[in-house]
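If you want the building blocks of each chain, they are given just below.
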Amino acid sequence: MNYQVIEYPVLGEKVCIGKAGSGLTCIFLPKPGFKRKFAILATPYGAINRRAQVDGEEFVTPAGIAHFLEHKMFEDPETSIENIFASYGASTNAFTTHTMTAYLFSTAENFYDCLDLLLDFVQKPAFTEEGVIAERSIIAQEIKMYRDQPNWAVYLGALGGMYGDHPVAEDIAGREEDLEQIDYQLLCKCHELFYNPGRMVLVVAGDIDAEELFTFTAANQEKKQFPKLPAIKSLVPQPQPGIGSDFRASMEVSRPLFCLGLRDWPGRDWQDCRRREMIVSLFLEIFVGKNSPFYNRLYDEGLIDDSFGVDYACTPWYSHFIFGGETDAPQRLAQELLEEIKRLQACGISQQQLDVNLRKLIGLFIMDLNGLESTVMACAADWLQGGDYLARFEELRSLTKEDVEGFLQSLDADQRILSVVNPLE
């Protein structure tokens, strides 16, 4: 397999990129001196990808099928995938998000045995009709278990308030009533369509030889036959404008849990989404970073504690903030957050605030490159969206006060939902 080498001299990093005859893209990040190696195999198929146009024909699936398929990939009637990884001294995992599914492993030894296993069990499923039927009850129990978890309930309450019946507001595992619609044939069809190697990416990081890695990967792919890559167009719906009602529930918690959801504008495309995410990361450091005066005032007043955090998601279909944590005064905390946003919109930010927090983010970006797991996961996610993770560094360094203030002015603080889980009386 031929590959190209891209240098990032400011970071002191390089990336090797090649494509196997099967269409699988392979990205390698050399990490000399690192003992552990990390690999991830990912596809742009997640919980919101329930409808698609495949070679001109509409293809519709039940909620939760991407997550269901992830579970079944580990099924092999003759052996245990997890146990084989363990015998090699490796740890393995998989996850499904709203926009992707990924399979990964980490090991300090037997790397190529692990890589061979990863490629084979993901590309050659061994699940059975009987296993699919049995899995329905397992996932039904998982759905019930998560439904009973207060942290998950308050989070879904915020999403539901912001998006109603849009797929992003559903549990990634789906709904119990949809499980009976997921059968062996449908799972096989989804695997054939959405796990085609031409849609997937393999990202590897560690102290190994690039030539050996690409040769090994090419040989693995040459042993297999894959169907022709179909023309697939995602048909994820746009959410309805406006927001719904606040969410309230009572569960077994010692203190109230709150999530404040704030809808943002979707990105024009994935490139716009990535840029907005970088601007937002800088905005959040200025707004509620642990060194910000506002954060410390909330902390000193007891409105927040170490459980407080914020997530931001931006896609071409939806975009939002979710602030969350434990607090004895959910309504007041939500009001404080929204009023501070409005104050920043009116007063702007100082150049000093921007410079200090931008330097912090640049330092964190460089430090994170030493974390193999986070780096390969970010590289995989960005590649699936047509981006280059390491190229983000120069974009990050170029952010300006005008970028942050322009984003601030685009926010509508009235597009908010408060979700609260109170202790049982």
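Here, the structure is the one placed above.
First things first, this report covers the structure right here in the doc. (Residues numbered from 1 in each chain as written. Predicted model: local features only at pLDDT ≥ 70, side-chain atom pairs only at ≥ 80, totals over all residues. Heavy atoms only, no water.)

Burial of strand 5 (residues 51-54) is one-sided: the residues Ala52 and Val54 facing one way are buried, the residues Arg51 and Gln53 facing the other way are not. Pairing of strand 5 with strand 6 (residues 57-60), which is carried by four bridges, proceeds in the antiparallel orientation. Bridged to alanine 52 within strand 6 is phenylalanine 59. Here strand 5 hands over to strand 6 after two residues, with aspartate 55 in that stretch at a positive phi of 50°. As defined by bridge partners, strand 5 adjoins strand 10 (residues 232-234) across three bridges and the pair is classed as antiparallel. In the sheet register, alanine 52 faces strand 10, and the bridge partner there is serine 234. (Buried < 20%, exposed > 50% of the residue type's maximum accessible area, 1.4 Å probe, protein only. Helix = DSSP H or I, 4+ residues; strand = E, 2+ residues; numbered from the N terminus. Pairing = 2+ DSSP bridges.)

So, about the nonpolar core. Nonpolar side chains in soluble globular proteins generally cluster together in the buried interior. Among the nonpolar cores identified, the biggest contains 89 residues, and Val203, Phe258, Phe283, Phe287, Phe321, Phe323 and Leu337 are the most heavily contacted of them. Take this core: its biggest share by element is 11 residues, from helix 8 (residues 270-288). Not counting residues up to four positions away in its chain, the partners in contact with phenylalanine 323 are Phe258, Cys259, Leu260, Leu284, Phe287, Phe308, Gly309, Val310 and Leu337. Leu69, Phe74, Ile182 and Leu186 belong to the second-largest nonpolar core, a separate cluster that totals 52 residues. (Core = buried A, V, L, I, M, F, W, Y, C linked by side-chain atoms within 4.5 Å. Contact = heavy atoms within 4.5 Å.)

A few words now on unusual backbone geometry. Of note, the phi angle at aspartate 55 is positive, near 50°, even though the residue is not glycine. Structurally, the position occupied by aspartate 55 is in the loop between strand 5 and strand 6. A residue is classified by how much of its surface remains accessible, and aspartate 55, at 53% relative accessible area, is exposed. Here the phi dihedral of asparagine 110 falls at roughly 50°; this positive angle occurs in a residue that is not glycine. On the secondary structure map, asparagine 110 appears in the loop between strand 8 (101-107) and helix 3 (111-123). Asparagine 110 gets classed as partly exposed once you look at its relative accessible area, which sits at 34%.

All right, on to the pattern of salt bridges then. Applying the stated rule across the entire model yields 28 salt bridges. Salt-bridge contacts for arginine 297 lead to glutamate 301; the nearest nitrogen and oxygen are separated by 3.2 Å. For arginine 297, a relative accessible area of 32% translates into the label partly exposed. Owing to a relative accessible area of 39%, glutamate 301 belongs among the partly exposed residues under this scheme. Salt-bridge contacts for aspartate 382 lead to arginine 392; the nearest nitrogen and oxygen are separated by 2.8 Å. Placement of the pair is aspartate 382 in helix 12 (residues 372-384) and arginine 392 in helix 13 (residues 392-397), with a sequence separation of 10 residues. Residues aspartate 382 and arginine 392 agree in their burial class; the two are buried. Overlapping salt bridges bring together Arg50, Glu170, Arg175 and Asp178 as one network. (Salt bridge = Lys/Arg side-chain N within 4 Å of Asp/Glu carboxyl O.)

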